[in-house]
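Structural description and commentary
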Amino acid sequence: MGKNFFIYALALNSIISYSQGVNDYSLGLNFIKQDSFNSVSNDETLFKWRHGPGLYLGYVVLADDLGDNFKNFIDFGLSWTFEYKRVIALGVRIDYGVSKTKQDISLDTTTWNHKTRAYFYRGELFLGINIFESRDFKIMPIAGISSISIMSKSLDPNFPYYIEDEKVIFDYEKEKITFEKGATLFGITIDFKIRKQRFKANEFAAIKLNYSYYMSNFEKKYGMFNGNIQSITIGAGGLFGL
């Protein structure tokens, strides 16, 4: 009898210990769920698709021939990103900035004078992989393609003009210098989340920090302006459910 009692007591103790372990494990899972990146409650559904804008202010650094001919400059950017299952993203972005020539640039038919404005335009299409997302941060490396244009204003201060319907029409395009070429880009975007109660599930607004590196191909088309471009920007944006 004593031996049986000992066996029963040992079995009962094992069952109680196992039950406590399961409870502790369940509590742990609940804690992890409650401490997930957006504190999503059980009655909220994570959005499969998210999308959102980004508005940026940045600084652009030019290297090699580009850096010898043009000054570094401040630019502005606007982006829109679509993200699927918090894993992969597809986005577009446009950037605009104004630089100045550092020296006279001799071209075939004219000269781009020293200290003349140069307008930089970039249009981008990129893919991103969401490698980390917490309640406070989101990190996404990106890679893509970009179209880069460098454009002067009219070289003639008295813009060419013609008359149409008794109105003077200025031909701003006639005397412009334009260089256009594609580039490959690599970069990383870090979102510092601003979580608001009115947002649902995995939606958020954020302060966005981005670094991008552009491998340009101007020298392949024009035989000049060899050099890469680096850009670092800070801005605001977010991702919201579709």
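Okay, so let's go over this structure. (Residues numbered from 1 in each chain as written. Predicted model: local features only at pLDDT ≥ 70, side-chain atom pairs only at ≥ 80, totals over all residues. Heavy atoms only, no water.)

Topic: the overall build of the protein
As a reminder, the rule being used: Secondary structure elements are defined from DSSP: runs of H or I of at least 4 residues count as helices, runs of E of at least 2 residues count as strands, and each element is numbered from the N terminus. Burial classes follow relative accessibility: with a 1.4 Å probe on protein chains only, a residue under 20% of its type's maximum area counts as buried, one over 50% as exposed, and anything between as partly exposed. Pairs of residues are marked as contacts when any of their non-hydrogen atoms sit within 4.5 Å. Residue-level accessible areas treat just the shown protein chains as cover; the underlying method is Shrake-Rupley with a 1.4 Å probe.
Scanning the protein from N- to C-terminus turns up three helices and 13 strands. The buried share among the 242 residues of the protein stands at 34%. By sequence separation, contacts in the protein at least 24 residues apart represent 65% of the contacts at least 6 residues apart. Carbon and sulfur atoms make up 60% of the accessible area of the protein, which totals about 14800 Å².

Overview of the side chain of N130
Put simply, the test is: N or O atoms within 3.5 Å of each other form a polar contact, as long as, within protein, one can give a hydrogen and the other can take it, and as long as residues adjacent in sequence are counted only when both atoms are side-chain atoms.
Note that N130 resides in the loop between β6 (117–129) and β7 (132–133). A polar side-chain atom of N130 sits 2.9 Å from the main-chain carbonyl oxygen of R86. At 2.9 Å, the side chain of N130 forms a polar contact with the side chain of E133. Contacts of N130, omitting those with residues within four sequence positions, involve R50, E83, R86, V87, K138, I139 and M140.

Here's the deal with the pairing of β6
Which entries qualify depends on this criterion: Paired strands are those between which DSSP finds at least two bridges.
One ladder, built from 13 bridges, connects strand β3 (residues 88–100) with β6; its direction is antiparallel. Opposite V92, over in β6, you have L125 as the bridge partner. For β6 and strand β8 (residues 137–152), the ladder comprises eleven bridges, and the chain directions are antiparallel. Directly across from E124, in β8, lies its bridge partner S146.

Some remarks on the packing of aromatic side chains
Each aromatic ring pair is specified by the distance between its two centres and by the angle formed by the two planes. For clarity, the cut-off: Between 30 and 60 degrees the pair is tilted, below 30 it is stacked and above 60 it is edge-to-face, where a pair is any two Phe, Tyr or Trp rings, Trp via its six-membered ring, whose centres lie within 6.5 Å. Distance and angle both matter: a charge sits over a ring if NZ of Lys or CZ of Arg is within 6 Å of the ring centre and within 35 degrees of the ring normal.
The full count for this structure, using the stated rule, is ten aromatic pairs. The interplanar angle of 70° and the centroid separation of 4.8 Å between the aromatic rings of F179 and F225 together place this pair among those described as edge-to-face. Residue F179 is located in strand β11 (residues 178–194), and its partner F225 is located in the loop between α3 (218–222) and β13 (229–241); the two are separated by 46 residues in the primary sequence. The two residues F179 and F225 agree in class, both being buried. Clustering of aromatic rings is evident, with ring pairs tying together F70, F73, W112, F120, F179 and F225. Positioned above the aromatic ring of Y56 is the side chain of R93, whose terminal nitrogen or guanidinium carbon lies 4.2 Å from the ring centre. Over the ring of F204 we find K193, and its NZ or CZ is 4.6 Å from the ring centre.

Some details on the nonpolar core
Test applied: Nonpolar core, defined: a set of buried Ala, Val, Leu, Ile, Met, Phe, Trp, Tyr and Cys residues in which side-chain atoms within 4.5 Å join the residues together.
Ranked by size, the top nonpolar core spans 23 residues in total, and within it L62, F70, W112 and I150 carry the most contacts. Contributing elements (two or more residues each) for this core: β1 (49–62), β6, β8 and β11. Ranked by residues supplied to this core, first place goes to β8 with four residues. Setting aside chain neighbours within four positions, we find I150 in contact with L66, F70, W112, A118, Y119, F120, I177, T178, F179 and F218.

What to know about the pairing of strand β12 (residues 204–216)
Two elements, β11 and β12, share twelve bridges in a ladder whose sense is antiparallel. Along β12, the bridge assignment pairs D191 with K208. Pairing geometry for β12 and β13, over eleven bridges, is antiparallel. By the bridge assignment, I207 is partnered in β13 with A236.

Concerning the environment of S146
Among the structural elements, S146 can be located in strand β8. Judged by its relative accessible area of 5%, S146 is buried. Between the C-alpha atoms of S146 and L125, which are 21 residues apart in sequence, the distance is 6.5 Å. Contact partners of S146, with chain neighbours within four places excluded, come to R122, G123, E124, K181, G182, A183, L185 and Y214. Polar side-chain contacts of S146 include one of 3.3 Å to the backbone oxygen of G123.

Observations regarding unusual backbone geometry
Most peptide bonds take the trans configuration, and most residues that are not glycine carry a negative phi. Even without a glycine there, the phi angle at K85 is positive, about 55°. Structurally, K85 is set in the loop between β2 (73–84) and β3. The backbone of K115 sits at a positive phi, close to 65°, despite the residue not being glycine. Looking at where K115 falls in the secondary structure, it is placed in the loop between β5 (111–112) and β6. On the basis of relative accessibility, which here comes to 57%, the residue K115 falls in the exposed class.

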